[in-house]
Each structure stands twice: as C-alpha cells, then as structure tokens.
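# Structural overview
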Amino acid sequence: MQIDIFTIFPKMFESPFDWGTIRIAKSKKIVSINVWDLRNFTNDIHRKVDDYPYGGSSGMVLKAEPILKAVRSVMTPDARVVLLTPAGKLYNQSLAQELSEESHLIFICGRYQGVDERVKDIINMEYPDKTMMEISIGNYVLSGGELACMSIVESITRLIPGVLKNPESMFADSLGELDPPLYTKPAEVEGVKVPEILTSGHHTKINQWNSTNRKQWTH
Ligand code: 6GU
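Criteria and cut-off values
Residues numbered from 1 in each chain as written. Predicted model: local features only at pLDDT ≥ 70, side-chain atom pairs only at ≥ 80, totals over all residues. Heavy atoms only, no water. Helix = DSSP H or I, 4+ residues; strand = E, 2+ residues; numbered from the N terminus. Rg over C-alpha atoms; globule rule 2.2 N^0.38 Å. Buried < 20%, exposed > 50% of the residue type's maximum accessible area, 1.4 Å probe, protein only. Near = heavy atom within 4 Å. Polar contact = N/O pair within 3.5 Å; in protein donor to acceptor, adjacent residues only side chain to side chain. Areas by Shrake-Rupley, 256 points an atom, 1.4 Å probe, with all protein chains shown as cover. Nonpolar A, V, L, I, M, F, W, Y, C, P; charged D, E, K, R; others polar. Salt bridge = Lys/Arg side-chain N within 4 Å of Asp/Glu carboxyl O. Core = buried A, V, L, I, M, F, W, Y, C linked by side-chain atoms within 4.5 Å. Contact = heavy atoms within 4.5 Å. Domains from an automatic or database assignment. Lys, Arg positive; Asp, Glu negative; His and termini not counted.

## Quick look at the overall build of the chain
- Along the chain, the regular secondary structure elements total six helices and ten strands.
- In terms of overall size, the chain is more extended than a compact globule, its C-alpha atoms giving a radius of gyration of 21 Å where 219 residues would be expected to give roughly 17 Å.
- With the C-alpha coordinates of the chain rotated into their principal frame, the extents come out at 70 × 35 × 30 Å.
- For the chain, the residues scored as buried account for 39% of the 219 residues in total.

## Here's the deal with the site of the ligand
- In the vicinity of the ligand, the contacting residues are Leu84, Thr85, Pro86, Ile135, Ser136, Ile137, Gly138, Tyr140, Leu142, Gly144, Gly145 and Ala148.
- Between the ligand and serine 136 there is a distance of 3.3 Å, counted from a nitrogen atom to a side-chain nitrogen or oxygen.
- Within the backbone of isoleucine 137, one N or O atom sits 2.9 Å away from a nitrogen atom of the ligand.
- For the ligand, whose unbound accessible area comes to 290 Å², protein coverage reaches 98%.
- Elements represented by at least two residues in the shell around the ligand include exactly strand E5 (80-90) and strand E8 (133-136).
- When residues of the shell around the ligand are assigned to their parent elements, the largest contribution, three residues, is made by E5.
- Here the residues of the shell around the ligand are counted per class, giving seven nonpolar, five polar and no charged.

## Quick word on the pattern of salt bridges
- A full pass over the atoms with the stated rule returns ten salt bridges.
- With a shortest N-O distance of 3.8 Å, lysine 11 and glutamate 14 are connected by a salt bridge. Taken as a pair, lysine 11 and glutamate 14 share a single burial class, namely exposed.
- Across the pair glutamate 98 and arginine 80 runs a salt bridge whose closest N-O atoms are separated by 3.4 Å. Taken together, the positions of glutamate 98 in helix H3 (residues 93-100) and arginine 80 in strand E5 put the pair 18 residues apart, joining distant regions of the chain.
- The buried category is assigned to arginine 80, whose relative accessible area is 14%.
- A single salt-bridge network, built from bridges that share partners, covers Arg80, Glu98, Glu102 and Lys130.

## A closer look at the nonpolar core
- Of all hydrophobic cores here, the largest spans 31 residues; its most connected members are Ile5, Leu84, Phe107, Ile135 and Val153.
- Taken together, the elements giving at least two residues each to this core come down to strand E1 (2-7), helix H1 (20-27), E5, H3, strand E6 (104-109), E8 and helix H5 (146-157).
- For valine 153, the residues in contact, after removing those within four places along its chain, are Ile3, Ile5, Phe17, Ile22, Ile33 and Phe107.
- If you look at the next biggest cluster of nonpolar residues, it comprises 23 residues, including Val49, Ala70, Val74 and Leu83.

## Overview of the domain arrangement of the chain
- The domain architecture assigned to the chain consists of domain 1 (2-166) and domain 2 (178-212).
- The distance between the C-alpha centroids of domain 1 and domain 2 comes to 41 Å.

## A look at the side chain of aspartate 4
- By secondary structure assignment, the location of aspartate 4 is in strand E1.
- Here aspartate 4 sits buried without a salt bridge, and the closest side chain of opposite charge, lysine 26, lies 13 Å off (N-O distance).
- Among the polar contacts listed, one links the side chain of aspartate 4 to the side chain of glutamine 2, at a separation of 2.6 Å.
- Looking at aspartate 4, its side chain comes within polar contact range of the side chain of asparagine 34, at 2.9 Å.
- Apart from residues no more than four positions distant in its own chain, aspartate 4 is found in contact with Asn34, Trp36, Val74, His104, Leu105, Ile106 and Phe107.

Pasting the structure below:
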C-alpha cells in the first residue's frame, strides 16, 4: 500500500511512523508512507497555503490551488483521496477495514477553520469514480488533521495481511468485540490473584470465560 500525506506540518510526522507495527510494515515493504509539505505545492514567493475566508467569518482557510496541485502530483487510477476534517464521516473499525483493502491512499490534513470547499468539488469532477471522502476521528475539535491522520494510518496498517505475526490480534471482529481482561506473571500481585479459571489449564472453561468476559466498544 502506498500512503501519501499532505500537511503544512510535515515535522509532526517525523517519528510516529518509526515504531512498532508501522515500522514493521515499512521494513517488510508492505506499506510505503510519504509525507509531503503542502507549501512545496504553492506558486507564490511567500509559499502561502492559507487565507482569510470570503464572507468574513473567523479563522483561516486552506487555499484550494496548493491542495489540487498536491493531489494531482501523486494521483493514480486506484487512489482514494481522504480529507481529514471534524465534519467528516465518523471513523470506526469497519472504515479502517475498508481502507486497509485499498492500494493507494492520499490524505489531506485539514487545518485552521477548514479547507476551500472547491477542493472537494474539483477533485470529484476530475476523478468521478473515486469520490473524495471526508473523515473525522471523533466529535471533538483538533487544530488540524495531522493527529487524526496518524491514528488512521496506524489502525489501517495493522489490518493489512502480513503485517502482524498473529492475525488474531488484528481482532475487533465483525461483532465489534475486544479482548477480555488479560493477566500475565506473576500469578499474584500485592495479594491480588489472577482469576483461578485462567490458571486451571482447563481450556474449554478458559475459552468460555474469555468469551463471556470480552469487552465491548463503548460508543
Ligand atoms: Cl480529522 N480534524 C480535526 N481538525 N479535528 C478533528 C478531526 C479531524 N477528527 C476529530 N476532530
């Protein structure tokens, strides 16, 4: 999978992708992640990526032209374009699963009050079969889409076949169930013991215990 990320803060991405699952996926050449500075797609001497909104509302808006130029510079027939914005479709595990099956994802990290609305219109006219998707990671406001993008990239990467050694830990199955409470050595910590059934060696009972004690998404 190829992932292209456009941001005005490329340095925010310097280390998050260098650890754990994403590091492994990169070293196995299962994913390739490129982080691009949106300012490199400006045409003016000041490398201006934002401006005041028409109509006088507050804050700044990301300009359309640098984003259009940026997206076109990496666009492929198979790419899905995703705009990170608090007004987008609420992200969840099934959307992570869906995106993990793509071969090329292009993320645009929104900033400030928003992104010029014409970006969406023009991209959708230019590539009508691959409608630009807007995604939010939760009903709260971040100053930009960067941290949202990092969360999404991590959640997608771990679902790509071959990335995790133990596919069971990809988990969060179709029922939306999470792991049961887990314990490791020692069997007693400050007087508190592991539930007896888990140390009994009785696998049928253990499986039963695990399935009745699975945690759930809280929503
Ligand atoms: Cl994707 N962007 C911003 N700016 N805020 C958010 C978000 C995205 N998701 C939740 N809050």
